[in-house]
Amino acid sequence: MKPIDEGRGKAGAGGAEDAGGTASPGGALAALSLATVLASLGAGSANVALPTLAHVFTASFQQVQWVVLAYLLAVTALIVGAGRLGDLVGRRRLLLAGIALFTAASLLCSGAPHLWLLIAARAVQGLGAAVMMALTMAFVAETVPGARIGRAMGMLGSMSAIGTALGPSLGGVLISGLGWRALFLVNVPLGLLTLLLARRHLPVDRQTVDRQTSDPAGARPGFDRAGMALLALTLAAYALAMTLGRGGFGAANAALLAVAVLGVFLFVRVEGRVASPLVRLAGFRDPVLSAGLAAGTLVTTVIMATLVVGPFHLARGLGLDDALVGLVLAVGPVVAALTGVPAGRLVDRFGARRTTCAGLLAMAAGAVALSMTRVSSGVVGYVVPLVVVTAGYAVFQTANNTAVMAETAPERRGVTSALVNLSRNLGLVTGASVMGAVFTFAAASDDVTTASPRAVATGVRFTFAVGAALILCALALVVGGGLLARAYATRATGGTDTRPAGTDVTSGGTGTTSGAAGAPQTRAATDPGASGR
């Protein structure tokens, strides 16, 4: 076994030297941060343009909503395939291509003469974003010393929150001042800057170099095209089932959901038979990976409730105008952006598992407070628990991402990073539909836009009570996953856990052997899933 710092420090420094660029973890982190901001901007900025686009192109709302859906579907359906492809052909090479594709597609969006060309360009932009989202976290382990990996993950979380918060506000300013085309054109200089920094500072693809050294012919495992196609269709069907109808669930939604269920069944069968699967199903036997992905989905489902339910409480319950509603909703992303880096420092100091649990406990406390909110408590009574929930989410996200990535073998970091981002996307998609349905049911109103303040308050309380229960389920998963990981480690060492009492399996900068180097090696003898990653 070797300390976490050893392999990562060499990979980061050596990789940059091999690439012929400057060995600068700071420069690499700046490139990854900008890539994260670009992907978040692409997701959030277009929503504010829908009324303008409907007017410009003389189209219905159902038609212009595909400007948003095309991007969402492309990211959701292709992100895992992008991560796996990066593991096979080289993460640096693919990330550079993804940034270039996103930038070119943004230029095409800004000049689109027809709505359907804009929608097609947005799908291409989503493909570039899928590559960026899939590979940014994977690069952290290649470029940042192990003792600072938590802070780096926190920085990426902050950048994602900044992009999310900046999207609607920047979009509104650009549309009102320069027109809707500026909304996409602004991505071009940002994309070029990101491409320049990434090309200069990201480390060379070490897995490609190692393969060429051991095998001059450059033989590599094949890409699982059948698995990729099945997974993409399955995820697209699920995303459409959850988003079409704006909260309603009709025959089309049910049919799409049935297609998604069938797709999962076929995907599992295919992955169990191919020599080089897109996703190694045995890897999900790793309790840290499985618990982290499941908890991430549950938690982001609750976070989406603040964006779906919150506006109704603020507008209908408290009587705020649109400007004040937007200002209050911006509190969440701002808090997340400010919490990311401090959360990373906590991870490096106290370990990922403990910090994950602390973040979940904070979220649960905030959700319970929201479940007891009253109209009489005013804006403060809503904002204070919202701040607690959002800060807890930032801590959880940083720690959970660090824990999952630390447990991943270098040759699978791309696909694991993609799975982490996919779990987040699925939570957001599910939350928009499911938590919206819970809110409508609890408010006992066919149209919540005209519901009474009292009915809205009842719906809000019930929705966040459900949210608190989901967060506690996520906490149980994380704790259970940690206990199983310790049990595997104990069995692998002959029934004796040699770690000091209280040692975190993914401890940060304490000098203890961490999950990145120790746990997969010790569990491999007893856990058949560990060798699958």
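Cut-offs and rules
- Residues numbered from 1 in each chain as written.
- Predicted model: local features only at pLDDT ≥ 70, side-chain atom pairs only at ≥ 80, totals over all residues.
- Heavy atoms only, no water.
- Helix = DSSP H or I, 4+ residues; strand = E, 2+ residues; numbered from the N terminus.
- Buried < 20%, exposed > 50% of the residue type's maximum accessible area, 1.4 Å probe, protein only.
- Areas by Shrake-Rupley, 256 points an atom, 1.4 Å probe, with all protein chains shown as cover.
- Phe/Tyr/Trp six-rings, centres within 6.5 Å; stacked < 30°, edge-to-face > 60°.
- Salt bridge = Lys/Arg side-chain N within 4 Å of Asp/Glu carboxyl O.
- Expected span 1.5 Å × (residues − 1).
- Polar contact = N/O pair within 3.5 Å; in protein donor to acceptor, adjacent residues only side chain to side chain.
- Contact = heavy atoms within 4.5 Å.
- pLDDT = per-residue confidence, 0-100.
- Core = buried A, V, L, I, M, F, W, Y, C linked by side-chain atoms within 4.5 Å.
- Axes fitted to C-alpha atoms, helices over the stretch in contact; angles between N-to-C directions.
- Parallel < 35°, antiparallel > 145°, perpendicular 65-115°, else oblique.
- Nonpolar A, V, L, I, M, F, W, Y, C, P; charged D, E, K, R; others polar.
- Left-handed = near helix turned anticlockwise from the far one by under 90°.
- Patch = residues over 30% accessible without salt bridge, like charges linked within 9 Å, V, L, I, M, F, W, Y side chains within 5 Å.
- Arc of directions from axis to C-beta.

Quick word on the overall build of the chain
Stage number 1. What the chain contains, in helices and strands, is 22 helices and 0 strands.
Stage number 2. The burial tally for the chain puts 55% of its 533 residues in the buried class.
Stage number 3. By element, 68% of the accessible surface of the chain is carried by carbon and sulfur atoms, the whole surface being about 20900 Å².

A look at the packing of aromatic side chains
Aromatic ring pairs are described here by two measures, namely the spacing of the ring centres and the angle between the planes.
Stage number 1. A complete count under the given rule lists 3 aromatic pairs for this structure.
Stage number 2. Ring geometry for Phe312 versus Phe439: centroids 5.5 Å apart, planes at 40 degrees, classification tilted. Here the residue Phe312 occupies a position in helix α15 (residues 310–317), and Phe439 occupies one in helix α20 (residues 413–443), the gap between them amounting to 127 residues.
Stage number 3. For Phe439, a relative accessible area of 1% gives the class buried.
Stage number 4. Clustering of aromatic rings is evident, with ring pairs tying together Phe57, Trp180 and Phe184.

Observations concerning the pattern of salt bridges
Stage number 1. One pass over the structure, following the stated rule, counts 1 salt bridge.
Stage number 2. Residue Asp87 is joined to Arg91 by a salt bridge in which the shortest nitrogen-to-oxygen separation is 2.5 Å. Assigned by exposure class, Asp87 and Arg91 land together as buried.

Considering helix α14 (residues 287–308)
Stage number 1. Compared with an ideal rise of 1.5 Å per residue, which puts 22 residues at 32 Å, α14 spans 32 Å between its outermost C-alpha atoms and is within 8% of the ideal.
Stage number 2. Within α14, 16 of the 22 residues are buried, leaving the element largely enclosed by the surrounding structure.
Stage number 3. A side-chain oxygen of the first residue of α14 lies 3.0 Å from the backbone nitrogen of Val288; this N-cap is Asp286.

Observations concerning unusual backbone geometry
Stage number 1. Phi at Thr58 is positive, roughly 50 degrees, even though this residue is not glycine.
Stage number 2. Along the chain, the position of Thr58 falls in the loop between α3 (50–56) and α4 (61–64).
Stage number 3. In this structure Thr58 comes out as exposed when scored by relative accessible area, which is 71%.

Focus on the environment of Ala104
Stage number 1. If you trace the backbone, Ala104 turns up in helix α6 (residues 91–110).
Stage number 2. By relative accessible area, Ala104 is classed as partly exposed at 47%.
Stage number 3. Note: C-alpha distance between Ala104 and Val124 (20 residues apart in sequence) is 9.1 Å.

Quick word on the side chain of Asn425
Stage number 1. Relative to the assigned elements, Asn425 resides in helix α20.
Stage number 2. Overall, Asn425 belongs to the buried group, its relative accessible area being 7%.
Stage number 3. Ignoring anything within four residues of it in the chain, the contact list for Asn425 reads Val75, Thr76 and Met133.

Re the confidence of the model for the chain
Stage number 1. Per-residue confidence for the chain gives a mean pLDDT of 77, with 81% of residues at or over 70.
Stage number 2. Here residues 209–218 scores under 50 on pLDDT; set against residues more than four positions off or in separate chains, the count is 5 contacts.
Stage number 3. Note that residues 505–533 has pLDDT below 50 and, in this model, 76 contacts with residues that lie over four places away or in other chains.

Overview of the nonpolar core
Stage number 1. In this structure, Ile79, Val80, Leu95, Met132 and Val140 are the most contacted members of the largest nonpolar core, which totals 57 residues.
Stage number 2. In terms of residue count, the dominant contributor to this core is helix α7 (residues 115–143) (10 residues).
Stage number 3. The contacts of Leu95, once residues within four sequence positions are left out, are Leu32, Val131, Met132, Leu135, Phe139 and Leu202.

Looking at the environment of Val37
Stage number 1. Considering the arrangement of structural elements, one finds Val37 in helix α2 (residues 25–44).
Stage number 2. Between the alpha carbons of Val37 and Gly157 there is a distance of 9.7 Å; along the sequence they are 120 residues apart.

Here we look at the packing of helix α5 (residues 66–89) against α6
Stage number 1. The interhelical angle for the contact between α5 and α6, taken along N-to-C directions, is 150 degrees, at an axis separation of 8 Å. Compared by their axis directions, α5 and α6 come out roughly antiparallel. Within the contact between the two elements, α5 uses Tyr71, Ala82, Leu85, Gly86, Asp87 and Val89 and α6 uses Arg91, Arg93, Leu94 and Phe102.
Stage number 2. In terms of residue class, the contact of α5 with α6 is made up of 6 nonpolar, 1 polar and 3 charged.

Topic: the side chain of Asp286
Stage number 1. Within the secondary structure layout, Asp286 lies in the loop between α13 (251–271) and α14.
Stage number 2. Separated by 3.0 Å, the side chain of Asp286 and the backbone nitrogen of Val288 make a polar contact.

Here's the deal with the packing of α5 against helix α12 (residues 225–243)
Stage number 1. Contact pair α5 / α12: the axes reach a minimum separation of 8 Å and the direction vectors enclose 145 degrees. Note that α5 runs across α12; the crossing there is right-handed. Of the residues in α12, those in contact with Trp66, Leu69, Leu72, Leu73, Thr76, Ala77, Leu78, Val80 and Gly81 of α5 are Met228, Leu231, Ala232, Leu235, Ala236, Ala239, Leu240 and Thr243.
Stage number 2. Partitioned by chemical class, the residues of the contact of α5 with α12 number 14 nonpolar, 3 polar and no charged.

Brief notes about a nonpolar patch on the surface
Stage number 1. Taken together, the side chains of Val264, Val268, Leu281 and Phe284 make up a nonpolar region of the molecular surface, amounting to roughly 290 Å² of accessible area.
Stage number 2. Position of Leu281 among the secondary structure elements: in the loop between α13 and α14.

Let's talk about the environment of Thr408
Stage number 1. With respect to the helices and strands, the residue Thr408 is situated in the loop between α19 (378–406) and α20.
Stage number 2. For the pair Thr408 and Leu289, spaced 119 residues apart in sequence, the C-alpha to C-alpha distance is 8.5 Å.

Quick notes on α13
Stage number 1. Taking 1.5 Å of rise per residue, 21 residues should cover 30 Å, and α13 covers 30 Å from first to last C-alpha, within 8% of that figure.
Stage number 2. Those residues of α13 lying buried are Asn253, Ala260, Gly263, Phe267 and Glu271. One side of α13 holds all its buried residues, which, seen down the axis, span an arc of 70 degrees. Structural note: α13 exposes Ala251, Val261, Leu262 and Phe265 on the side pointing more than 90 degrees away from its buried face.

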